[in-house]
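# Descriptive analysis of the structure
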Amino acid sequence: MKPKAKPKLKPKPKPKPKPKPKKSVSGGRLSQAQLREIALAFPGASEGTSYGKPAYLIAGKFFTRLRADDDSLVLIVGSIDERDMLLDADPNLFHITDHYRNYPAVLARMDLLDGATLQAMLERRWRAIAPKKLRDQAQPVRAEIERAGEVRVRRRKGRASR
């Protein structure tokens, strides 16, 4: 009798590396220090709490907060339709949990959020919740910033600044 041949063992396939998260349309990593700097730059902004969690407030009203659970920022938007549009436009950056399903809020992943996107979204929220007196006081500052930007653009094109 011939000895039985040992069955050939197939080599184990190498585990596939975990896919890296796709880049967002908006850009790159925003640090907690940058978040704090941007949020507190708005007139009337302060640090406080919302449902026992650290948050940023405008005149005592909820502005935004960082969710430690998933390192996402809670951003209130104008409507559920707007939220859904953001989810469709950039699903890598924006997401929601069941808790936020019935609210006009979206979660933005901090590792994909950039300062310009955050600034624009918070500015819309600030205009919606800031008291009229605060908005009126901030208007001249905003006008100066816009005028300064116009002057720079004109100079680049070679025209007189005023």
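Residues numbered from 1 in each chain as written. Predicted model: local features only at pLDDT ≥ 70, side-chain atom pairs only at ≥ 80, totals over all residues. Heavy atoms only, no water.

### What about the overall build of the protein chain?
To keep things clear, this is the line we draw: What counts as a helix is a DSSP run of H or I of at least four residues, what counts as a strand is a run of E of at least two, and both are numbered from the N terminus. The rule is simple: take the accessible area with a 1.4 Å probe, protein chains only, and divide by the maximum for that residue type; under 20% is buried, over 50% is exposed, in between is partly exposed. Areas reported here follow the Shrake-Rupley algorithm with a probe of radius 1.4 Å; residue values treat only the protein chains shown as occluding.
Per the secondary structure count, the protein chain includes four helices and six strands. Counting from the amino terminus, the protein chain carries its helices and strands in the arrangement α-β-β-β-β-α-β-β-α-α. With 162 residues in all, the protein chain has 32% of them scored as buried. Total accessible area on the protein chain is roughly 11900 Å²; 55% of this is exposed by carbon and sulfur atoms.

### Details of the packing of aromatic side chains
Applied cut-off: Aromatic contacts are taken between Phe, Tyr and Trp rings whose centres are within 6.5 Å, Trp giving its six-membered ring; a plane angle under 30 degrees counts as stacked, one over 60 as edge-to-face, and the others as tilted.
Under the counting rule described, the total for this entry stands at two aromatic pairs. Judged by centre distance (5.3 Å) and plane angle (75 degrees), the ring pair of F42 and F63 falls under edge-to-face. Here F42 is found in the loop between α1 (32-40) and β1 (45-50), whereas its partner F63 is found in strand β3 (residues 61-67), with 21 residues between them in sequence. Owing to a relative accessible area of 7%, F42 belongs among the buried residues under this scheme. Ring geometry for F42 against W126: centres 6.5 Å apart, planes inclined by 35 degrees, an arrangement best described as tilted. Here W126 lies in helix α3 (residues 115-129) and F42 lies in the loop between α1 and β1, a separation of 84 residues in the sequence. Take F42 and W126: they sit in the same class, and that class is buried.

### Observations regarding the pattern of salt bridges
Heads up, the rule is: Salt-bridge detection follows one rule: a side-chain nitrogen of Lys or Arg within 4 Å of a carboxyl oxygen of Asp or Glu.
Under the definition given, this model contains nine salt bridges. Between E123 and R127 there is a salt bridge, with the nearest N and O atoms lying 3.0 Å from each other. Of this pair, E123 and R127 both sit in helix α3, separated by four residues, roughly a single helical turn. Of the residues examined, E123 reaches a relative accessible area of 16% and is grouped as buried.

### Considerations on the sheet that holds strand β2 (residues 53-58)
Cut-off, in case you're wondering: For two strands to be treated as a pair, DSSP must find no fewer than two bridges joining them. For this analysis, residues touch if any pair of their heavy atoms sits within 4.5 Å. The axes are straight lines fitted to the C-alpha atoms, using for helices just the contacting stretch, and the angles between their N-to-C directions are given from 0 to 180°.
Read from one edge of the open sheet, six strands run β1-β2-β3-β4-β6-β5, paired in antiparallel fashion. Each end of this open sheet is capped by a strand with a single partner; those strands are β1 and β5 (94-95). The pairing of β5 with strand β6 (residues 105-109) spans two bridges and is classified as antiparallel. The residue of β6 that forms the bridge with H95 is L107. Packed on one face of the sheet, α1 meets β1, β2, β3 and β4 (72-76) and runs near 115 degrees to β1. The strands that helix α2 (residues 80-89) touches are β5 and β6; relative to β6, the one it contacts most, it runs at about 25 degrees.

### Considering α2
For clarity, the threshold we go by: It is the directions from the helix axis to the C-beta atoms that the arc portrays. Contacts described as polar in this section are N or O atom pairs within 3.5 Å, which, within protein, must combine one atom able to donate a hydrogen with one able to accept it, while residues neighboring in sequence count only if both atoms come from side chains.
The complete set of buried residues in α2 reads E82, R83, L86 and L87. Buried residues of α2, seen end-on, are gathered within an arc of 140 degrees and therefore sit on one face of the element. The exposed residues of α2 that point more than 90 degrees off its buried face are D81, M85, D88 and A89. Where α2 is buried, its residues contact β5, β6 and α3. The N-cap of α2, judged by a side-chain oxygen 3.4 Å from the amide nitrogen of D81 a few residues on, is S79.

### So, the confidence of the model for the protein chain
Operational definition: pLDDT: the predictor's confidence for each residue, scored from 0 to 100.
Here the protein chain shows a mean pLDDT of 81. Residues at 70 or above account for 68%. A low-confidence stretch, residues 18-26 (pLDDT under 50), is modelled with 15 contacts involving residues beyond four sequence positions or located in other chains. In the predicted structure, residues 151-162 sits below a pLDDT of 50 and forms seven contacts with residues beyond four places in sequence or in another chain.

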